[in-house]
Protein chains: 2
Amino acid sequence: MISEKMVDYVKGSSVIRAMFEEGQKLAKIYGEENVYDFSLGNPSVEPPAKVKEAIVDIITNENAKQIHGYMLNAGYEDVRTVIADSLNKKHGTSLKQDNIIMTVGAAGGLNVILKTLLNPGDEVIVFAPFFGEYRSYVKNFEGELVIISPDTDTFLPNLKEFYDKITSKTKAVIVNTPNNPTGVVYSEKVIMALAEVLNKKQDEYGTAIYLIADEPYREIVYSNQEVPFIPKYYDNTIVGYSYSKSLSLPGERIGYLVIPAEVDDFENVVSAAGVATRILGFVNAPSLMQKVIARCIDEEVDIEVYNRNRELLYNTLTEYGFECVKPDGAFYLWMKILGDNEAEFVKKAKEFNLLIVGGSAFGGSGYVRMAYCVDYDMIVRALPAFKKLAEAYQA
Amino acid sequence: MISEKMVDYVKGSSVIRAMFEEGQKLAKIYGEENVYDFSLGNPSVEPPAKVKEAIVDIITNENAKQIHGYMLNAGYEDVRTVIADSLNKKHGTSLKQDNIIMTVGAAGGLNVILKTLLNPGDEVIVFAPFFGEYRSYVKNFEGELVIISPDTDTFLPNLKEFYDKITSKTKAVIVNTPNNPTGVVYSEKVIMALAEVLNKKQDEYGTAIYLIADEPYREIVYSNQEVPFIPKYYDNTIVGYSYSKSLSLPGERIGYLVIPAEVDDFENVVSAAGVATRILGFVNAPSLMQKVIARCIDEEVDIEVYNRNRELLYNTLTEYGFECVKPDGAFYLWMKILGDNEAEFVKKAKEFNLLIVGGSAFGGSGYVRMAYCVDYDMIVRALPAFKKLAEAYQA
């Protein structure tokens, strides 16, 4: 009786989520300490102490009707001003509150902007491997996903194929840097090359091609590599942001869209995004959390915790003979499978109570993704299991 | 450059929201105390004190990663159990946590269930006048809205027309009792009559027709009239609930769906609704608020405040010669216009700084809706303006 589209969705439901839910079952059987769940990007670092303080202070001292009431669909104006000012300070931009729309996380924001932009049949380009949910988000609005195949040497965009696959129907391109699932960070040079291709193609077709930068991992970067703020390099850039990772608040569903005044058809895009926020059923981003964000604008989580995990996992797994991309950002390790059957590799890993997600879920078959936003001790306990997994293929 | 559908949406954007935003502008010009804004259903009663206590207690004593982290897409299992138990106690049902899906408000819940059920071209029946956003929610999934014309004597469902308009393509029927915009509450007898029609038509066509009960106003009822729990009368009922009004938390976007085990294709409907929650970009209902709800399950706001407003507004306006439906629930007054031009009546009202919403926004032309969830004193100050409005038509 359910919708035909949903039948497919239910069948092919998120492998990541299925794995996460299976992990909870296995934990009940084998004990939580004997299951090594690398499936989900659920931050293991606590939110900054300031988040707690801000919540208590707001709840104690501000007017309850204001805290929990309706506001403009785009969010509280003062909160949006704080965010715009903070971005300006960091990136030398001139954003105003009109350029910010508060959203129900980055997932909510991406749905809002795709609803705003897509006509049925419009093409949206992604670079493999990519966050698998993009498939559903694009399909929600009858867009066509166009996948650029991975450059397995660098996992940076394959520019030649990108150039060739842009058509007059290309409405948007989604980039995600720092990247889920590879941990790769695009340099300024890469962003400039992407912008060059896009500008050429916009001129060639006389169209607007929006670059949607999905940036929940912006602050999760190791070493000193800079993460370029893409609107500075390409006018038609719209940024989707989330505090899920940067403040460890994934359950609270709080983020924002940046729609710079430079984008084509700015007034309409902003108005339509506000309306889309409402009619998709979000109405507005959760009100208390908006206010918390404004108070915590300069806070960050301790990413040294993730860095320690990264070093341990990467160094040990490569030592065991696995081939991994060393991640510069985010908290995922992208690893080549042993043997030539991804499903079997994932299954074999599960025999050792290792929960890892097959790369096909990200359009990157022959690989697996491990979320290392987990307790350090779990990694330590999991290492012998990885060793056994390697040995199982060396026999 | 925006999507063609959105061009229409932006043009025809919510009249209610437009009015609300205009009210804020007028308030800047004339002073807040001289603008009488009856446009938006933004509760004027504070949330119960227990909400504040619960937030502070949870934030102070529970684990921050748990409070703000991911959980199952359907929500925390313990929270859903508390809600199921509470419904069982009130209604004598046997719901379990599996029957509850936490949602981003009722608007989020309705979008989730419509995404779950609708194939393109499926028909969804609503009874005029109805909450105007249903149009967009149904259109989001390419459903066809079928409107049953109002019975202007009672504003109860026109059963004859309902019977005639159900077809083999009818997939869902939305009812909203206590009703926005009329304040009418459906009695048990009305619900039973609706169920009888639906059962007959299900048999006739061999289809499943889901009755979606949109119930954000369930607890906002005056007098002792009971609000029947519709799943007890019709097996294929799915309830959408929100704490926006019952706990005055509209900005927090917290509610739930009830999907009883009796509905056709239960397993698939529940699975698909969980997936829909994720892929529409909600992911899950805001986490802290889920926990707050569980602590405040027996709380309610002081509806005597709304009752006092209702009596003052209804009694005075009828005294001035306006024809109104006396509301039994919700916090809206549905009033017949003077003259025969709704747009002109609304405009004339605005000349007296009265912000009221034209009934056409609800599929009920010739009427206006006034949200009386406002300060009592504002109603007192507004009464002379209503008097002048009446006089303007008596000249």
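Residues numbered from 1 in each chain as written. Chains lettered and ligands numbered in written order. Predicted model: local features only at pLDDT ≥ 70, side-chain atom pairs only at ≥ 80, totals over all residues. Heavy atoms only, no water.

The name recorded for chain A in an unreviewed UniProt entry is Aminotransferase, from Anaeromicropila populeti. One UniProt comment on chain A, placed under Cofactor (unreviewed entry), says "pyridoxal 5'-phosphate". Recorded under Sequence similarities (unreviewed entry), the UniProt text for chain A is reproduced unchanged: "Belongs to the class-I pyridoxal-phosphate-dependent aminotransferase family." (UniProt positions renumbered as here; feature names shortened; annotations may be inferred.)

Caption draft 1: Inspection of the relation of the copies chain A and chain B at higher detail. Note on the identical chains: chain A maps onto chain B by a rotation of 180° and an axial translation of 0.0 Å, with an RMSD of 0.0 Å. Such a turn and shift between the copies fits a two-fold axis. No C-alpha of chain A approaches the rotation axis more nearly than that of valine 56 of chain A, which lies at 2.9 Å. Taken as a fraction of all interface residues of chain A, those also at the interface in chain B reach 100%, which identifies the copy contact as same-surface. (Least-squares fit on C-alpha atoms with pLDDT ≥ 70 in both. Contact = heavy atoms within 4.5 Å.)

Caption draft 2: Just the interface of chain A and chain B, in detail. On the side of chain B, 83 residues touch chain A, which itself brings 82 residues to the contact. In this assembly, chain A packs against chain B so that about 6,500 Å² is buried in total across both faces, 56% of it on carbon and sulfur atoms. The tally of links from chain A across to chain B stands at six salt bridges. Of the charged contacts, one joins aspartate 375 of chain B and lysine 65 of chain A as a salt bridge, the two residues approaching to 4.0 Å between their closest N and O atoms. The tally of links from chain A across to chain B stands at 36 residue pairs in polar contact (both at pLDDT 80 or more). Among the secondary structure elements, those contributing two or more residues to the side of chain A that touches chain B are α1 (4–11), α2 (15–30), α3 (49–61), α4 (64–68), α6 (105–117), α7 (133–140), α11 (266–279) and α12 (287–295) of chain A. Here the element with the most residues in the side of chain A that touches chain B is α11 of chain A; it accounts for eight residues. Of the residues in the side of chain A that touches chain B, the class split is 40 nonpolar, 24 polar and 18 charged. (Buried area = accessible area lost by both parts, 1.4 Å probe. Salt bridge = Lys/Arg side-chain N within 4 Å of Asp/Glu carboxyl O. Polar contact = N/O pair within 3.5 Å; in protein donor to acceptor, adjacent residues only side chain to side chain. Helix = DSSP H or I, 4+ residues; strand = E, 2+ residues; numbered from the N terminus. Nonpolar A, V, L, I, M, F, W, Y, C, P; charged D, E, K, R; others polar.)

Caption draft 3: Representation of the pattern of salt bridges. Residue and element names in this part refer to chain A. Following the criterion strictly, the structure yields 30 salt bridges over all chains and no others. Glutamate 311 is paired through a salt bridge with lysine 326; the nearest N and O atoms lie 3.3 Å apart. With glutamate 311 in helix α13 (residues 304–319) and lysine 326 in the loop between β9 (324–325) and β10 (332–336), the pair connects residues that are 15 residues apart, well separated along the chain. Of the residues examined, lysine 326 reaches a relative accessible area of 34% and is grouped as partly exposed. If you follow the salt bridges from partner to partner, you end up with Asp57, Glu62, Lys291 and Arg295 in one network. (Buried < 20%, exposed > 50% of the residue type's maximum accessible area, 1.4 Å probe, protein only.)

Caption draft 4: Structural context of the environment of proline 47 of chain B. Tracing the chain through its elements places proline 47 of chain B in the loop between β1 (36–37) and α3 (49–61). For the pair formed by proline 47 of chain B and glutamate 300 of chain B, sequence separation is 253 residues and the distance between their alpha carbons is 8.1 Å.

Caption draft 5: The environment of glycine 206 of chain B, seen in detail. All names here are of chain B. The residue glycine 206 is located in the loop between α9 (188–205) and β6 (210–214) in this model. Residue classification places glycine 206 among the exposed residues on the basis of a relative accessible area of 63%. Taking C-alpha positions, glycine 206 is 45 Å from asparagine 307, a pair spaced 101 residues apart along the chain.

Caption draft 6: Representation of the side chain of glutamine 97 of chain A in the model. Residues and elements named next belong to chain A. Residue placement: glutamine 97 occurs in the loop between α5 (77–91) and β2 (100–103). Given a relative accessible area of 19%, glutamine 97 falls into the buried group. Within the structure, glutamine 97 has its side chain in polar contact with the side chain of arginine 80 (distance 3.1 Å).

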